[in-house]
Every structure is written in structure tokens, then in C-alpha cells.
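Letter by letter, the chains look like this.
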Amino acid sequence: GENVEQHPSTLSVQEGDSAVIKCTYSDSASNYFPWYKQELGKRPQLIIDIRSNVGEKKDQRIAVTLNKTAKHFSLHITETQPEDSAVYFCAASVPGGGADGLTFGKGTHLIIQP
Amino acid sequence: NAGVTQTPKFQVLKTGQSMTLQCAQDMNHEYMSWYRQDPGMGLRLIHYSVGAGITDQGEVPNGYNVSRSTTEDFPLRLLSAAPSQTSVYFCASSHRYPDRGFTEAFFGQGTRLTVV
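The following refers to the structure shown. (Residues numbered from 1 in each chain as written. Chains lettered and ligands numbered in written order. Predicted model: local features only at pLDDT ≥ 70, side-chain atom pairs only at ≥ 80, totals over all residues. Heavy atoms only, no water.)

## Topic: the layout of surface pockets
Of the volumes computed, that of the largest pocket is approximately 740 Å³. For the lining of the largest pocket, the elements supplying multiple residues, two or more each, are strand E1 (4-7), strand E9 (86-92) and strand E11 (108-113) of chain A together with strand E4 (31-38), strand E9 (87-94) and strand E13 (111-115) of chain B. If you tally residues by element for the lining of the largest pocket, the top one is E1(A), at four residues. Of the residues contributing to the lining of the largest pocket, the split by class is 10 nonpolar, 16 polar and seven charged. Together, 18 residues line the second largest pocket, and Glu2(A), Thr103(A), Phe104(A), Leu43(B) and Glu59(B) are the ones closest to its centre. (1 Å grid on protein atoms, 1.4 Å probe; cavity = no way out; pocket = protein on both sides within 12 Å on 5 of 7 lines; lining within 4 Å. Points joined across faces, edges and corners; volume = space filled by probe spheres on them. Helix = DSSP H or I, 4+ residues; strand = E, 2+ residues; numbered from the N terminus. Nonpolar A, V, L, I, M, F, W, Y, C, P; charged D, E, K, R; others polar.)

As C-alpha cells, this is what we get:
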């Protein structure tokens with residue numbers, strides 16, 4: 001099955017700086033790559049996603065890039081703010097909706113230093 | 001629109017007790033799943049269902065049962081609780097299309113379970 005590796009496990013950046021979180025996946029057939037944000041004590045919520053026919057997607061301060069050849073995708077957050085502090089999860093799934101659904105990375109704890 | 005409703009929010013069980021975590025969604029999603037979240041382990045799939053009457057095991061199914069009698073409901077049963085099942089449990093649902101795969105997964109609020 002699919003295996004998703006996520007790095008780093010903890011990332012501390014100064015407020016206003018950029019943050020980058022990277023994920024690699026093992027199944028070259030994977031075609032859907034969402035990113036979830038989980039605030040302390042809350043449920044994970046989708047912040048951005050990308051499909052394999054697109055190389056990059058942006059939504060205000062957040063962007064995701066996908067390199068299918070290298071089988072990796074990254075989350076970029078610019079002009080970080082205190083409310084960006086959270087745990088971020090990447091995930092991948094195969095086309096045709098592989099029945100076991102989304103495979104998640106182990107998460108990155110993003111800390112925004114004031 | 002309620003989305004995914006999961007109950008209870010907190011639960012303490014004694015070793016050997018059984019209980020059911022409830023999950024309901026009102027988005028007519030075909031796909032529903034249960035995850036457990038442990039520190040440093042991310043979200044691990046326990047069981048999933050691709051539609052009413054169809055369930056299957058995920059990565060960590062031992063000690064848990066599920067059923068899917070309706071599209072809306074997907075309860076998770078702990079048969080005989082053990083301390084190793086102390087965790088935060090999330091139910092999720094999404095669409096699953098044969099051609100393009102999954103869409104956004106919506107999560108319930110989570111259940112913090114402690115087994116003593």
C-alpha cells in the first residue's frame with residue numbers, strides 16, 4: 001500500500017517568515033494530495049489540496065507544489081502568523097479511490113515564534 | 001449542515017469494558033472511516049466502509065468492530081477495552097468516485113478515550 005513520509009516533525013519559524021513542510025509518497029499511481037491543519041484539541045481540517053494533473057496551487061498565503069517524477073509534494077506558508085501554529089498533516093490517495101482511502105504522514109508541529 | 005457528528009467527546013473505561021463510539025454524517029458520503037491518533041504516530045486507519053453493508057480493515061483493526069447499516073452511520077465498537085486503546089479517535093467521511101478518487105475528508109470532533 002501507499003506510504004507517506006513527512007518532514008520535519010517539528011518546525012519553528014519566526015513570525016513573518018516562511019515555512020515549508022515536505023512529504024514523499026511511494027505509490028506513483030497516487031493522484032490526490034490534501035493537507036490538513038489540526039489546532040490543539042480540534043479536528044483536522046482541509047486547508048489545501050492538489051491533484052496530480054496540477055503542479056502548483058495557491059490560496060492566499062498557502063501553496064502546495066507537486067513533483068510527480070520525484071514523488072514528493074510540499075506545503076509552503078508565507079508571512080507566517082501566530083494563528084498558523086498547529087500540526088499539519090499531508091496525505092495521499094490512489095485514483096479509482098483505493099478503498100483504504102487516504103494515507104497520512106505523521107504530522108509536523110509548526111511553531112510560530114513571536 | 002451538521003457535517004460529521006461524533007459522540008461522545010470524552011470517555012473513561014475500565015479494562016475489559018466495551019463501548020460504542022457513534023459517528024453520523026449528513027453529506028451523503030459513500031466513504032466513512034475511523035482513525036486513531038497517538039502522539040508521534042499521525043492518523044492510523046482502523047476500519048473503513050465504501051458504502052452501506054460494506055466494511056473492511058485498515059492498518060490497526062485489532063480490538064475494534066464496525067458496521068454500516070445505513071449511509072449515514074458508522075459506529076465503532078471496542079469489544080474489550082485495553083490500556084493500549086487509550087487514544088483520540090476520529091471518524092471521517094468523504095466522497096469516493098471510481099474515476100477520480102477521493103475528495104475532501106470531513107472529520108468529526110474526536111473522542112478522547114482513556115482506558116484504566
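## With respect to empty space enclosed by the protein
Tallying each qualifying case throughout the model produces one cavity of 30 Å³ or more. Of the voids in this model, the largest cavity is the one considered here, and its volume is about 50 Å³. Taken together, Gly101(A), Leu102(A), Tyr31(B), Ser33(B), Tyr35(B), Ala92(B), Ser93(B), Ser94(B), Phe102(B) and Ala105(B) form the lining of the largest cavity. Of all the elements in the fold, those that place two or more residues in the lining of the largest cavity are E4 and E9 of chain B. For the lining of the largest cavity, the per-class residue count stands at six nonpolar, four polar and no charged.

## Topic: the interface of chain B and chain A
With 25 residues of chain B in contact, the opposing surface of chain A contributes 22 residues. Contact with chain A buries area across many residues of chain B, yet Leu43(B), Phe102(B) and Phe107(B) alone supply 29% of it, more than any other trio. At the boundary of chain B with chain A, the tally comes to zero salt bridges. In this assembly, chain B and chain A are joined by six residue pairs in polar contact (both at pLDDT 80 or more). (Contact = heavy atoms within 4.5 Å. Buried area = accessible area lost by both parts, 1.4 Å probe. Salt bridge = Lys/Arg side-chain N within 4 Å of Asp/Glu carboxyl O. Polar contact = N/O pair within 3.5 Å; in protein donor to acceptor, adjacent residues only side chain to side chain.)

## A word on the sheet that holds strand E3 (residues 19-25) of chain B
Residue and element names in this part refer to chain B. Overall, antiparallel pairing links the four strands, which are arranged E1-E3-E8-E7 in an open sheet. Both outer strands of the open sheet, strand E1 (4-7) and strand E7 (64-66), are each paired with one neighbouring strand and no more. Neighbour-to-neighbour, the strand axes of this sheet turn through a mean angle of 15 degrees, independent of strand direction. In this structure, E1 lies alongside E3, joined through four bridges in antiparallel fashion. Residue pairing in the sheet places Val-4 in a bridge with Gln-25 of E3. (Pairing = 2+ DSSP bridges. Axes fitted to C-alpha atoms, helices over the stretch in contact; angles between N-to-C directions.)

## Re the state of the cysteines
Residue and element names in this part refer to chain B. Throughout the structure, instances matching the rule amount to two disulfides over all chains. Here Cys-23 pairs with Cys-91 through a disulfide, and the sulfurs are 1.8 Å apart. Negative torsions about the S-S bond denote left-handed disulfides, and the value of about -70 degrees found for Cys-23 with Cys-91 makes this one left-handed. Of this pair, Cys-23 sits in strand E3 while Cys-91 sits in strand E9; the two residues are 68 residues apart in sequence, bridging distant segments of the chain. The two residues Cys-23 and Cys-91 agree in class, both being buried. (Disulfide = S-S within 2.5 Å. Buried < 20%, exposed > 50% of the residue type's maximum accessible area, 1.4 Å probe, protein only.)

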